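A look at the structure
For reference, the chains in residue letters:
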Amino acid sequence: AQSVAQPEDQVNVAEGNPLTVKCTYSVSGNPYLFWYVQYPNRGLQFLLKYITGDNLVKGSYGFEAEFNKSQTSFHLKKPSALVSDSALYFCAVRDFGYGGSQGNLIFGKGTKLSVKP
Amino acid sequence: DAGITQSPRHKVTETGTPVTLRCHQTENHRYMYWYRQDPGHGLRLIHYSYGVKDTDKGEVSDGYSVSRSKTEDFLLTLESATSSQTSVYFCAISELGGDSYEQYFGPGTRLTVT
């Protein structure tokens, strides 16, 4: 069965420093991977995805993620954190079902990112 | 929030009462999903739909039912609400094709069962 893990419940960084939010996955085939962000009292917003191709994927708000097949990881990164990046971040993997379930995603439990001035 | 609305946005109800949450989309996407979000559990899939009148169970479907009579509307019903169903409920939509598998989420409904 497909699964995704976010090993850190919370990540704290200082504004201007680089940030990394970790995600590891377990799938039976080629993974389809996603990152979402959730601001307080809002729905999830799609940030970026890896389906195939270049291992470094660029997304919204200056975020990028690096797909590493040998380490089964898909870590979210940003070179310089902003206070406004403080939010809850979710990693997700496609469930690889068939028929009606082929679009289902499995989400990690989320990582709270706190960026301090 | 990508042409997705949820109603109501907040609801307080008593144990044992039926509750229906509505998700409405203007994107004409084929796939629709209901999730619940709880601290420590992330998002868990309740039910999903892959077309009008085509629905199936997700990971945490017990106590919930759904209906989809039109492309744009996906209803989630709690037949007899329990305190364990206090949660934030999110609807999502997607349109699969090519390399497009991402889902887009509504603003959520905060449900409190007393």
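A brief report on the enclosed structure follows. If you're wondering where the values come from, they're calculated on a predicted model, not measured in any experiment.

Moving on to the overall build of chain A. Within chain A, the regular secondary structure consists of 0 helices and 12 strands. Beginning at the N terminus, the succession of helices and strands in chain A can be written as β-β-β-β-β-β-β-β-β-β-β-β. On C-alpha atoms alone, chain A measures out to a radius of gyration of 14 Å, which is about the 13 Å that the 2.2 N^0.38 rule sets for 117 residues. Expressed as lengths along the three principal axes of its C-alpha atoms, the size of chain A is roughly 45 × 30 × 25 Å. If you take every contact in chain A between residues at least 6 apart in sequence, the share linking residues at least 24 apart comes to 56%. Split by element, the accessible area of chain A, about 5500 Å² in all, is 49% carbon and sulfur. For chain A, the distance from the average position of its 11 positive side-chain charges to the average position of its 8 negative side-chain charges is 4 Å.

With an omega dihedral of -10°, the bond running from B:Ser7 to B:Pro8 counts as a cis peptide bond. Mapped onto the fold, B:Pro8 is located in the loop between strand S1 (4-7) and strand S2 (10-13). The backbone of A:Asn41 sits at a positive phi, close to 60°, despite the residue not being glycine. Structurally, A:Asn41 is set in the loop between strand S5 (33-38) and strand S6 (44-50).

Scanning the model with the defined rule gives 8 salt bridges over all chains in all. The residue B:Glu102 makes a salt bridge to A:Lys49 at a minimum N-O spacing of 2.9 Å. Within this pair, whereas B:Glu102 is found in the loop between strand S9 (87-94) and strand S10 (104-105), its partner A:Lys49 is found in strand S6, the two belonging to separate chains. A relative accessible area of 7% means that B:Glu102 is categorised as buried. Connected through shared salt-bridge partners, B:Arg22, B:Lys70 and B:Asp73 make up one network.

Residue and element names in this part refer to chain B. Residue position: glycine 97 is located in the loop between S9 and S10. Among the residues examined, glycine 97 registers a relative accessible area of 39% and is labelled partly exposed. For glycine 97 and phenylalanine 74, which are 23 residues apart along the polypeptide, the C-alpha to C-alpha distance reads 21 Å.

It is worth spelling out the interface of chain A and chain B at this point. The interface of chain A with chain B comprises 24 residues on the first partner and 25 residues on the second. If you sort the residues of chain A by the area they bury against chain B, A:Leu44, A:Gly100 and A:Phe107 come out on top, with a joint share of 22%. In this assembly, chain A and chain B are joined by 1 salt bridge. There are 5 residue pairs in polar contact (both at pLDDT 80 or more) connecting chain A and chain B. Counting residues per element, the ones that place at least two in the side of chain A that touches chain B are S5, S6, strand S10 (87-94) and strand S11 (105-107) of chain A. When the residues that make up the side of chain A that touches chain B are grouped by side-chain class, the tally is 10 nonpolar, 10 polar and 4 charged.

Enumeration according to the criterion identifies 16 aromatic pairs over all chains in this entry. Here the aromatic rings of A:Phe107 and B:Phe105 are separated by 5.9 Å at their centres, their planes lie at 80°, and the arrangement is edge-to-face. With A:Phe107 in strand S11 and B:Phe105 in strand S10, the pair connects residues from two separate chains. Both residues of the pair, A:Phe107 and B:Phe105, belong to the buried class. Joined through ring pairs, the aromatic side chains of A:Tyr36, A:Phe46, A:Phe107, B:Tyr33, B:Tyr35, B:Tyr104 and B:Phe105 make up one cluster.

Next up on the list: the state of the cysteines. Considering all chains together, one arrives at 2 disulfides over all chains under this definition. Disulfide partner of A:Cys23: A:Cys91, at an S-S distance of 2.0 Å. Where A:Cys23 bonds to A:Cys91 through sulfur, the torsion about that S-S bond is close to -65°, and the disulfide is left-handed. Note that A:Cys23 is positioned in the loop between strand S3 (19-21) and strand S4 (24-26) and A:Cys91 in strand S10, a separation of 68 residues in sequence. Comparing A:Cys23 with A:Cys91, the two get one shared label, buried. Put simply, B:Cys23 and B:Cys91 are joined by a disulfide, and their sulfur atoms are 1.9 Å apart. Between B:Cys23 and B:Cys91 the sulfur-sulfur dihedral comes to about -70°; the bridge is accordingly left-handed.

Conventions we followed
Residues numbered from 1 in each chain as written. Chains lettered and ligands numbered in written order. Predicted model: local features only at pLDDT ≥ 70, side-chain atom pairs only at ≥ 80, totals over all residues. Heavy atoms only, no water. Helix = DSSP H or I, 4+ residues; strand = E, 2+ residues; numbered from the N terminus. Rg over C-alpha atoms; globule rule 2.2 N^0.38 Å. Contact = heavy atoms within 4.5 Å. Areas by Shrake-Rupley, 256 points an atom, 1.4 Å probe, with all protein chains shown as cover. Lys, Arg positive; Asp, Glu negative; His and termini not counted. Charge placed at Lys NZ, Arg CZ, Asp CG, Glu CD. Salt bridge = Lys/Arg side-chain N within 4 Å of Asp/Glu carboxyl O. Buried < 20%, exposed > 50% of the residue type's maximum accessible area, 1.4 Å probe, protein only. Buried area = accessible area lost by both parts, 1.4 Å probe. Polar contact = N/O pair within 3.5 Å; in protein donor to acceptor, adjacent residues only side chain to side chain. Nonpolar A, V, L, I, M, F, W, Y, C, P; charged D, E, K, R; others polar. Phe/Tyr/Trp six-rings, centres within 6.5 Å; stacked < 30°, edge-to-face > 60°. Disulfide = S-S within 2.5 Å.

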